[in-house]
Amino acid sequence: MPLVEAQGVTKHFRVGGSAFATISRATVKAVAGADLAVDRGETLAVVGESGCGKSTLGRLLLGLMPPSSGRVMFDGHDLAGLGSPALRRLRARMQLVFQNPLQALDPRMSVGEQIVEPTVIHPAAGNRLPVADLLAQVGLDPALAGRFPHQLSGGQRQRVVIARAMATQPDFIVFDEPVSALDVSVQAQIIRLIRDLQTARGFASVFISHDLRVVRHVADRVAVMYLGRIVEEGPVRAVFAEPLHPYTQALIAAVPRLAPGMRRVRVVLKGEPPNPAAIPSGCPFHPRCPVAEYDCRTHAPARVAAGPARSVACIRVASGSTFLPAA
Amino acid sequence: MTSAETAAGTAPGTVAANRRRKRSAFRSMPFSVCLGACWMALMFAAAIAAPWLAPYGYAEQQPLLRLKPPALFGYETPFWLGSDHLGRDVLSRVIHAIRLSIVIAVAGTLIGACVGTAVGMLAARLRGWWEEALMMLVDVQASLPFMIFALTIVAFFGNNFWLLVIIVGLAGWERYARLVRGLVVEAETTGYAAALRAVGADSWRIYRHHILRNITGALLVQMTLNFPETIMIETGLSFLGLGVQPPLTSLGLLISESRNYIAIAWWIALAPSIVAAFTTLSVCVVGDWLRDVSDVRLR
Amino acid sequence: MDTLPLQHDGRPGPHLGRRLAALARFCLLKLARTLATLWIVVTFTFVILRLTGDPALSLLPDNAPPDIAAAFRSRWGLDRPVWTQYALYFRNMLDGNLGYSLANGRDAVAVVLERVPATLRLTVSAFALTLAVGLPVGVFAALRHGRMADRALMMLATVKYSLPNFVIGIGLIYAFAIWLRLLPSSGSATAAHLILPVVTLGLSGAAVIARFTRSAALETLGQPYVRAAMAAGETRTQAIVRHVLPNAAVPILTVIGFTIGGLVGGSIIVEQVFAWPGIGRLLVDAVAVRDLAVAQVIVILLAVAMVTANLAIDLAYGLVNPRFWNNDDDIR
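Please read all numbers here as calculations on a predicted model, not as lab measurements. (Residues numbered from 1 in each chain as written. Chains lettered and ligands numbered in written order. Predicted model: local features only at pLDDT ≥ 70, side-chain atom pairs only at ≥ 80, totals over all residues. Heavy atoms only, no water.)

A few words on the interface of chain C and chain B. Every contact between the two is made by 44 residues of chain C and, on the other side, 39 residues of chain B. Taken together, the two surfaces of chain C and chain B that pack against each other cover about 3700 Å², and 80% of this comes from carbon and sulfur. Among the residues chain C hides against chain B, the three largest losses belong to F166(C), I170(C) and V287(C). Together they make up 15% of the total. There are 2 salt bridges connecting chain C and chain B. Where chain C touches chain B, the interface holds 3 residue pairs in polar contact (both at pLDDT 80 or more). Within the residue set of the side of chain C that touches chain B, elements represented by two or more residues are α1 (16–51), α7 (148–162), α8 (165–179), α11 (236–273), α12 (279–288) and α13 (292–320) of chain C. Residues that form the side of chain C that touches chain B fall into these classes: 31 nonpolar, 9 polar and 4 charged. (Contact = heavy atoms within 4.5 Å. Buried area = accessible area lost by both parts, 1.4 Å probe. Salt bridge = Lys/Arg side-chain N within 4 Å of Asp/Glu carboxyl O. Polar contact = N/O pair within 3.5 Å; in protein donor to acceptor, adjacent residues only side chain to side chain. Helix = DSSP H or I, 4+ residues; strand = E, 2+ residues; numbered from the N terminus. Nonpolar A, V, L, I, M, F, W, Y, C, P; charged D, E, K, R; others polar.)

This part covers a nonpolar patch on the surface. All names here are of chain B. Among the surface-exposed residues, L72, F73, Y75, W80, L270, I274 and F278 lie close enough to one another that they form a single nonpolar patch of about 720 Å² accessible area. Within the secondary structure, F73 is located in the loop between α3 (31–53) and α4 (90–126). Residue classification places F73 among the partly exposed positions, given a relative accessible area of 48%. (Patch = residues over 30% accessible without salt bridge, like charges linked within 9 Å, V, L, I, M, F, W, Y side chains within 5 Å. Areas by Shrake-Rupley, 256 points an atom, 1.4 Å probe, with all protein chains shown as cover. Buried < 20%, exposed > 50% of the residue type's maximum accessible area, 1.4 Å probe, protein only.)

Before going further, it helps to examine the UniProt feature "domain: ABC transmembrane type-1" (unreviewed entry) in chain C. Mapped onto the present numbering, the UniProt feature "domain: ABC transmembrane type-1" (unreviewed entry) falls on residues 116–313 of chain C. The span residues 116–313 of chain C is 84% helical and 0% strand by assignment, and the distance between its end C-alpha atoms comes to 22 Å. (UniProt positions renumbered as here; feature names shortened; annotations may be inferred.)

Here we take up helix α4 (residues 111–121) of chain A. Among the 11 residues of α4(A), 9 are classified as buried, and the element is accordingly described as predominantly covered. Of the positions making up α4(A), those classed as buried are V111(A), G112(A), Q114(A), I115(A), V116(A), E117(A), P118(A), T119(A) and I121(A).

For the rest of this paragraph, the subject is the pattern of salt bridges. All names here are of chain A. Summed over the entire model, instances satisfying the criterion amount to 24 salt bridges over all chains. Close ionic contact of R310 with E242 constitutes a salt bridge, the shortest N to O distance being 3.8 Å. With R310 in the loop between β11 (304–305) and β12 (311–312) and E242 in the loop between α9 (236–241) and α10 (246–253), this pair connects stretches of sequence that are 68 residues apart. On the accessibility criterion, R310 (7% relative accessible area) is buried. The class of E242 is partly exposed, set by a relative accessible area of 39%.

It is worth spelling out the UniProt feature "transmembrane region" (unreviewed entry) in chain C at this point. Residue and element names in this part refer to chain C. When the UniProt feature table is mapped onto this chain, "transmembrane region" (unreviewed entry) is found at residues 35–53, 122–143, 163–182, 194–213, 252–274 and 294–313. Structurally, residues 194–213 is divided into 100% helix and 0% strand, and its ends, taken at the C-alpha atoms, are 27 Å apart. End C-alpha to end C-alpha, residues 252–274 measures 30 Å, and it is 96% helix and 0% strand.

What follows is about the pairing of strand β4 (residues 69–74) of chain A. Residues and elements named next belong to chain A. Bridge analysis of β4 against strand β5 (residues 77–78) gives 2 bridges, and the strand direction is antiparallel. Paired with F74 across the strands is H77, a residue of β5. Between the end of β4 and the start of β5, which pair antiparallel, lie 2 residues, with D75 showing a positive phi angle near 50 degrees. (Pairing = 2+ DSSP bridges.)

All names here are of chain B. Between the first and last C-alpha of helix α6 (residues 146–157) there are 17 Å, a value that for 12 residues agrees with the 16 Å anticipated at 1.5 Å per step. A large share of α6 lies buried, amounting to 11 of its 12 residues. What α6 keeps buried is the set F146, M147, I148, F149, A150, L151, T152, I153, V154, A155 and F156. Just beyond α6, the residue with positive phi is G158, at close to 75 degrees. (Expected span 1.5 Å × (residues − 1).)

Take the sheet that holds strand β3 (residues 43–47) of chain A next. To summarise the sheet geometry, strands pair through backbone hydrogen bonds and adopt either a parallel or an antiparallel arrangement. All names here are of chain A. Taking strand neighbours across the sheet as the criterion, the 8 strands line up as β6-β7-β8-β3-β9-β10-β12-β11 in an open arrangement whose pairing is mixed. Every other strand in the sheet has two partners, leaving β6 (94–97) and β11 as the edge strands with one partner each. Sheet topology note: the β6/strand β7 (residues 172–176) ladder contains 4 bridges and is parallel. Directly across from L96, in β7, lies its bridge partner V174.

Shown next as structure tokens:
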């Protein structure tokens, strides 16, 4: 049984206007029928453009918001079925690392206090390491414990957030764009830290990112999202070497050094950038797809198995006329 | 927890550095702000020590010494700032007026901050329809001059001291509500409160330990910014004869009483006018400066 | 920010139809808010009137003839359930039937309406003075940013806006009426009587407007496009007229909204100081003797006036806001 499993999870938001002005509202389908499974100790990367719903998916997996439909299972518990006290207790076992560490930290509390706060909230969880050890395991000087977040550098702050997430020794961590707010030089250090912690602690994680190069370093598997749907999923190595979905191909082709063996076919996307409030009919990718057929306008393809441990949602793959740039 | 405390204790330099930064902001205080702060301190001192400072009782009448000019300007009278039409010492009356005006303004400010903070937190916590309804009330209050609201309440419920304190307290509650709601919503959606929920903290812990601590600075600045208005509402109502009632006295009431004698006894108006003007001006200047140097965002 | 090297075509250009639809929606929203505000104010007076006891006793003079009292009771439905009373309260409000003055037994609405012209004369003149002084002073101070003139003007503005109106009023009376004997101190007989109250009321608003205009102008002056225009040879004054004022119009309009509120609130005090026979003074008198019918009419009238002014400001705000015409996502 996987540790975390999303079964047909959908999330709709209402946007625009106030509660009094229902006329001007639109519904945004941030996540539309996502199926995912993360095994113990495994790292799944979720990639896609901004606004494709990957952060929402991450929050749904942690039960931080209820899904509009579908369900999220954590270690056999349906998160939506748990009451809020039970869900809070379960939080000792699942944590979130944020994109912007400065926002995620209380500006008026010393980082030492903040790091141990999860163990104060969950007295039964973790092995209650002292602050100094928690800091040391994320590579921070224990002398920093008395500092406040604004006195630290961006990389140090993110280490503090990671240390806080590690305090209760969780089984599952969602990393939501953990390095995209950092300088490039610091990114590499934080990525190395995350990878080291994964090996040392063996927690399962979902790594949300738009940077495919980062993903290749930390993830075992990758799921590609487009407009709230997972269009392709599989082992990182296989997907990057041989992307099946035209969108994945476009993403990978845009990063030259990602797949040096792959013949460079520049897949250029056309049309408007995706607007999650107005999702096209049929395959949502068809207005921008370089190889769209007539059927793509009307038929939304289901995700089907395509090779070992892989799946893809594309009508051309399903019908056997696989479109491969490097054929 | 203990480990955090010891760790904090091992790095005293950082806390000191923090303090140094604050101190340097205070050192570069402009002269006008310095003056304003001194005046405010003087007023608070006068308010506390009023019974000992005032040479006469505030209602003590000396019918033979009516409308005497001030000794301060070289006249041969027993009153430093002169006496009024009933032979009461203007200085003593001003000191007692300061006391009452400041007591009402402080109590009112605290009431307003509590009410506004509660409303703002509720709106931010409940979201949805409740938030819309509460913020609508805030908008209504903000779009109407508070004086009208205050007069309406006095009209319908008559006049008494505690009602006055509550009315003064309600002046500006909507600003606290807006400020607090904005800060809390930000913390709850993208900030530390959202992070704490992900960690598993309950609302009580988040509000008690984190949000309250974080909004205190902004609240204090907002209180300073609102203080002049609370004073103006009280003195204004008292000036209109609808606030503090004789024999009690307040700055507005003193100025109102002095109006009839201004042609023959200018000194009755002088002291309360100067005190009222300097006090509101000082608080305004200090409040503006505090807002500028503090890093809190006020809308 | 996610940065994928996808080819973006940009959004389609603004369509006039969509703009107008957005404009209509904006106006409707503001109108709905205005009506909701009035509804809340009227409900507030209704609740508070019930809390004080029997409205028939509060809104009718003691010596009202029994037949008038009976007619009033049936018209207000005082023997009916509270929701019926609430509905009737609204109907009476729309009919302009709001009780009789305690002081002279006359129709409260008529008593109030005859005072309106005096107040309008005072507030409209004061508002004109506010704008005529506030805007140029603000722009002038911004142009002289950091120099003596700027500092002196801003100091004056701070002093002016932080002083209570009645202190200023009495100071002016002492200076111009008693000491210099140039102007009358109270009353409303001649045009000269208008000067002191208008100056008292108008200058506090002008101080606020001047401060805001200055900071709005300074903020815009620092923007790259203004610096670019000046680098291209525009003088500071040209830059102010062509770039700064149009862009600073939005914040300044907001402040003008506040100023109107200040004028209405301030006029109550100023009318009292200068014995000006407007509705502010009437309100104070009515409150003092607890003439609820008159007080209620004035409160509702002032609320209507304020809310209408706010609506006008909001609509003007929508029209001058350039975002409105370029991107309808931000409109609320």
